Every structure is written in C-alpha cells, then in structure tokens.
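# What the coordinates show
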Amino acid sequence: MHEGDPGTVGGALRLAAVDDHPALLAGLRVELADVDPGLRLTRTAATVSGLLAGADGEPVPDVVLLDLRLGDGSRPRDNVTALVDAGCRVVVYTEGRQHDAALEALQAGAQGVLLKDRPVATVAEAVRAVAAGETLASAETAAALQVDADLADHLSPQERRVLELYAGGMPARSVALRLGVTLETAKSYLKRIRAKYAALDRPAYTRMELYRRAVEDGVLRPHEPGPRAAPPDPAPGG
C-alpha cells in the first residue's frame, strides 16, 4: 500500500527500472539526473525478482519503470502484481506497440504505458505524475485500453470492487475501510477507474456518472432511485 507522500532520498523520488538492456539503463540514469535532479534512478535489475531480492532492507522504490518483455520469460501480469504487492507504483516502459501485453499490465495495476523513444523529460514528468497517484494519460495507455471494447474487462478485480462500492453510494473512506486499504489507495483506484473510462471516451467525473458506467458495464444492477444517499464528491477522485 502507498501511505502518505512518496518517500524520498535526500528530497528525491526513489525510481527503479527493470530492463535487461544495461546500456539503456545507464543512459537513462545519467539523462534523468540532468533533466530532473530530484528524480534518482536508485536501483536497476534485469528481472523483477532480482530487483526485489536485491532490496536488502532498503525502502521500496516509489516508482518502477518496467519493460514488458524480459529475458526470463516472465509475464507482465505477474511482474506488475509482484511490484504492486511490494508497495511500488508501476509504469510500463517498453518498445513498440505491444497493446495486448500492455493491457495485461494495466489490468494488474500498472498506472500507465510509455514508449522508450519518448524524450527523457517526458519520462520524468510521467514518473512524477504516477508517484503522485495519477494514471498516466499517454497515447500508449489509451491504445492499450482500447484493445478490448468492454471496459469492464479492463478493470482489475479490486478496481471492480471499488467501483461497485463507490458507485453504489459508499463514501471513499468507507470503501477504504471495507477493503482494508488506506483512503489514499482507495482514491488512487478511483482515479485509475476514471482514467480508463476517459480513455474510451466515456468520461465519468461524478459519482452518478460512475454509477451509470457501472450499470452499463454490468458491475451494478440498475435500481431506483439511484445510488443510495452519500455525501457529494468534494472533487473528482474523492
């Protein structure tokens, strides 16, 4: 779980990368330091298991850049799940348009997709956004989400549960308590759900709009007079 603000190392975000191309990682480390001195690539590894095993009691990274295709043949879903369970936020950082694999990673909890040919400044901005709990609104993220026409299939089981509870009228704080997560984590799930609907040109900015989308996608059954009473959202995401 992510509690509070992202951890820092001397005021810098902790960034890690999982990729089996050492030259790329070395170049990224140097260029990121030039573009954003407050963003440090503190750890790299060729596999997710190697990254997590090499922690040796160190704080987990705030954000991990994860390549989709690794030399150990591991699946994107398994890699993202392992990183999220360890407390990391994940950005898919890969080559080419691998929409099926990217969708699998997003369904497992990755917060966006970015191609390696993007400028390093764009990478830095993406890492900052994801560290703040946002879903990366990139063209690659949207393209991956559009692989399947049914958005309900894009939601992870936990996202579906959050949508069901929140769109059904439960306040975000109560959703967090029901699922045993922090309020920040519950709000992060809601941001991710809204971003996925927006990527399919089906925006859902309010609770009532989320309710309509949940009914449309079979997450909730329609009922009258609508979601049970709950305090209005103070702002999107809450």
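Nothing here was measured: the structure is a model prediction, and the numbers come from that model.

### Remarks on the overall build of the chain
- Within the chain, the secondary structure is distributed over ten helices and six strands.
- Buried residues in the chain amount to 51% of all 238 residues.
- Contacts in the chain between residues far apart in sequence, at least 24 positions, make up 69% of those at least 6 positions apart.
- Carbon and sulfur atoms form 52% of the exposed surface of the chain, whose accessible area is close to 10800 Å².

### Quick notes on the packing of helix H1 (residues 22-35) against helix H5 (residues 120-131)
- Across the interface, H1 lies against H5 with an axial gap of 9 Å and an inter-helix angle of 75 degrees. The orientation of H1 relative to H5 falls into the category roughly perpendicular. Across from Glu31, Leu32 and Val35 in H1, the residues of H5 making contact are Val120, Ala121, Val123 and Ala124.
- In terms of residue class, the contact of H1 with H5 is built from six nonpolar, no polar and one charged.

### Here's the deal with H5
- Between its first and last C-alpha atoms H5 spans 16 Å; for twelve residues at 1.5 Å apiece the expected length is 16 Å, and the two agree.
- Looking only at H5, the buried set comprises Val120, Val123, Ala124, Ala126, Val127, Ala129, Val130 and Ala131.
- Next to the buried residues of H5 lie strand S2 (12-18), H1, strand S3 (39-45), strand S4 (63-66), strand S5 (89-94) and strand S6 (113-115).
- Looking one or two residues beyond H5, the residue adopting positive phi is glycine 133, at roughly 95 degrees.

### Section: helix H10 (residues 207-216)
- The complete set of buried residues in H10 reads Arg207, Leu210, Tyr211, Arg213 and Ala214. Down the axis of H10, the sector holding all buried residues measures 165 degrees, keeping them to one side.
- Check the buried side of H10 and you find it contacts helix H7 (157-167) and helix H9 (183-199).
- Looking at the residues trailing H10, positive phi occurs at glycine 218, about 75 degrees.

### Remarks on the nonpolar core
- Ranked by size, the top nonpolar core spans 22 residues in total, and within it Val18, Leu51, Val64, Leu66, Val80, Leu83 and Ala110 carry the most contacts.
- Counting residues per element, this core draws most heavily on helix H4 (residues 99-107), at four residues.
- In this structure valine 80 touches Leu66, Val90, Ala105, Ala108, Gly109 and Ala110, once residues within four positions along its chain are discounted.
- Core analysis: the next-biggest nonpolar cluster, separate from the first, contains 21 residues, Leu13, Leu65, Val91 and Val130 among them.

### Digging into the packing of helix H8 (residues 172-179) against H9
- Contact geometry of H8 with H9 gives a least axis separation of 8 Å together with a crossing angle of 110 degrees. As judged from the angle between their axes, H8 and H9 are roughly perpendicular. Residues Ala172, Arg173 and Ala176 of H8 touch H9, and the partners they reach there are Leu183, Ala186 and Leu190.
- Broken down by class, the residue content of the contact of H8 with H9 amounts to five nonpolar, no polar and one charged.

### Quick look at the packing of aromatic side chains
- Inspection of the entire model under this criterion finds zero aromatic pairs.
- The ring of tyrosine 166 has arginine 207 sitting right over it, with the charged end atom 4.2 Å from the ring centre.

### Topic: the pattern of salt bridges
- Following the criterion strictly, the structure yields ten salt bridges and no others.
- The closest approach of N and O atoms between arginine 128 and aspartate 36, which form a salt bridge, is 3.1 Å. Here the residue arginine 128 occupies a position in helix H5, and aspartate 36 occupies one in the loop between H1 and S3, the gap between them amounting to 92 residues.
- What makes aspartate 36 buried here is its relative accessible area of 14%.
- The salt bridge involving glutamate 104 is made with arginine 75; its shortest N-O contact spans 3.3 Å.

### Section: the pairing of S3
- With six bridges connecting them, S2 and S3 associate as parallel partners. Bridge pairing in S3 places leucine 15 opposite leucine 41.
- Handedness of the S2-H1-S3 crossover: right-handed.

### Thoughts on the confidence of the model for the chain
- Across the chain, the average pLDDT comes to 81, with 82% of residues at or above 70.
- Taken element by element, the chain is modelled with least confidence in strand S1 (residues 8-9), mean pLDDT 42, and with most confidence in S4, mean pLDDT 96.
- This stretch, residues 1-10, has a pLDDT under 50; its non-local contacts, to residues over four places away or in other chains, come to 26 contacts.
- Of the regions scoring below 50 in pLDDT, residues 224-238 engages in 31 contacts with residues more than four places distant in sequence or in other chains.

Cut-off values and rules
Residues numbered from 1 in each chain as written. Predicted model: local features only at pLDDT ≥ 70, side-chain atom pairs only at ≥ 80, totals over all residues. Heavy atoms only, no water. Helix = DSSP H or I, 4+ residues; strand = E, 2+ residues; numbered from the N terminus. Buried < 20%, exposed > 50% of the residue type's maximum accessible area, 1.4 Å probe, protein only. Contact = heavy atoms within 4.5 Å. Areas by Shrake-Rupley, 256 points an atom, 1.4 Å probe, with all protein chains shown as cover. Axes fitted to C-alpha atoms, helices over the stretch in contact; angles between N-to-C directions. Parallel < 35°, antiparallel > 145°, perpendicular 65-115°, else oblique. Nonpolar A, V, L, I, M, F, W, Y, C, P; charged D, E, K, R; others polar. Expected span 1.5 Å × (residues − 1). Arc of directions from axis to C-beta. Core = buried A, V, L, I, M, F, W, Y, C linked by side-chain atoms within 4.5 Å. Phe/Tyr/Trp six-rings, centres within 6.5 Å; stacked < 30°, edge-to-face > 60°. Lys NZ or Arg CZ within 6 Å of the ring centre and 35° of its normal. Salt bridge = Lys/Arg side-chain N within 4 Å of Asp/Glu carboxyl O. Pairing = 2+ DSSP bridges. Right-handed = clockwise from strand over helix to strand, strands pointing away. pLDDT = per-residue confidence, 0-100.

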